[in-house]
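# Structural features, examined
These are the residues of each chain, in order.
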Amino acid sequence: MKKYLLLSFGLISIIIDAQIHYVSNGSSTAWSTSTAWTPNGIPGSNDSVTINHYMNIKTSGHTDVKYVDLQADGTLKLNSNTSSKTFRIYGTSSILNGTIDGVGLIRIMYTCALSGSPTMNNVDLLKRNTPLTLNSDYTFRNITLGSGGKLINNGILTITTKIINGSSAGEL
């Protein structure tokens, strides 16, 4: 009697969440329009973006990216002033030049260093739990530091309204 050994290999699926680098191409000013970016698509939380045109973020939720390179000729327009609609940066560093305008909130999710010299109008900064290093001059309307939040300033920091600290204040 013959014995057979049957080896069965199931399909193994591996999903790789690869980072894509998107560059604004000027064909549209809407962040959520895939043809506004090269390559076509809408940047997500694991992606990096270079903005060298006017880019308008108008969303009902969060807009997330890992890295931002805002060029001197680029403008990032924020259209919200509530924490439920924020521009969130997940990476460890970003370069901000050009203009960040509109009423909005930038939330730095992890330890991060910001460099560059942007023009900022009516922009709030939210940082919790980990350090944020500012390597240039920045102007924010408000800064919120939460528990464990730490702001390391290597330039001139201007706060036009006030600093708001959470229930467990961060370190400035």
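Nothing here was measured: the structure is a model prediction, and the numbers come from that model.

Right, let's talk about the packing of aromatic side chains for a bit. On inspection of all chains with the given rule, the structure shows four aromatic pairs. Ring plane angle 75° and centroid distance 4.9 Å describe the contact between tryptophan 31 and tryptophan 37, whose orientation is recorded as edge-to-face. Relative accessible area serves as the criterion here: at 4%, tryptophan 31 is assigned to the buried category. We classify tryptophan 37 as buried; its relative accessible area is 0%. On the numbers, 6.0 Å between centres and 10° between planes, the contact of tyrosine 138 with phenylalanine 140 is stacked. When sorted by exposure, tyrosine 138 lands in the same class as phenylalanine 140, which is buried.

This paragraph deals with the sheet that holds strand S1 (residues 21-24). The strand order S2-S1-S3-S6-S9-S11-S14-S16 describes an open sheet built from eight strands, whose pairing is mixed. In the strand order of this sheet, the two ends are held by strand S2 (37-38) and strand S16 (150-153), each with one partner. Note: strand S3 (residues 48-51) against strand S6 (residues 67-70), four bridges, orientation parallel. When the sheet's bridge partners are listed, threonine 50 is paired in S6 with aspartate 69.

What counts and what doesn't
- Every chain is numbered on its own, with residues counted from 1 as its sequence reads.
- The model is predicted, so local features are restricted to residues of pLDDT at least 70 and side-chain atom pairs to those at 80 or more, both for listing and for counting; the totals for chains, interfaces and linings are taken over all residues.
- Processing note: side-chain calculations cover all non-hydrogen atoms of the structure and skip hydrogens and water entirely.
- Note on aromatic contacts: the rings of Phe and Tyr and the six-membered ring of Trp form a pair at centre separations within 6.5 Å, being stacked when their planes are under 30 degrees apart, edge-to-face when over 60 apart, and tilted otherwise.
- Remark: exposure states derive from per-residue accessible area (1.4 Å probe, protein chains only) relative to the maximum for the residue type, with buried under 20%, exposed over 50%, and partly exposed in between.
- Between any two strands, pairing holds if DSSP finds at least two bridges.
- Each helix corresponds to a stretch of at least 4 residues labelled H or I by DSSP, and each strand to a stretch of at least 2 residues labelled E; elements are numbered beginning at the N terminus.

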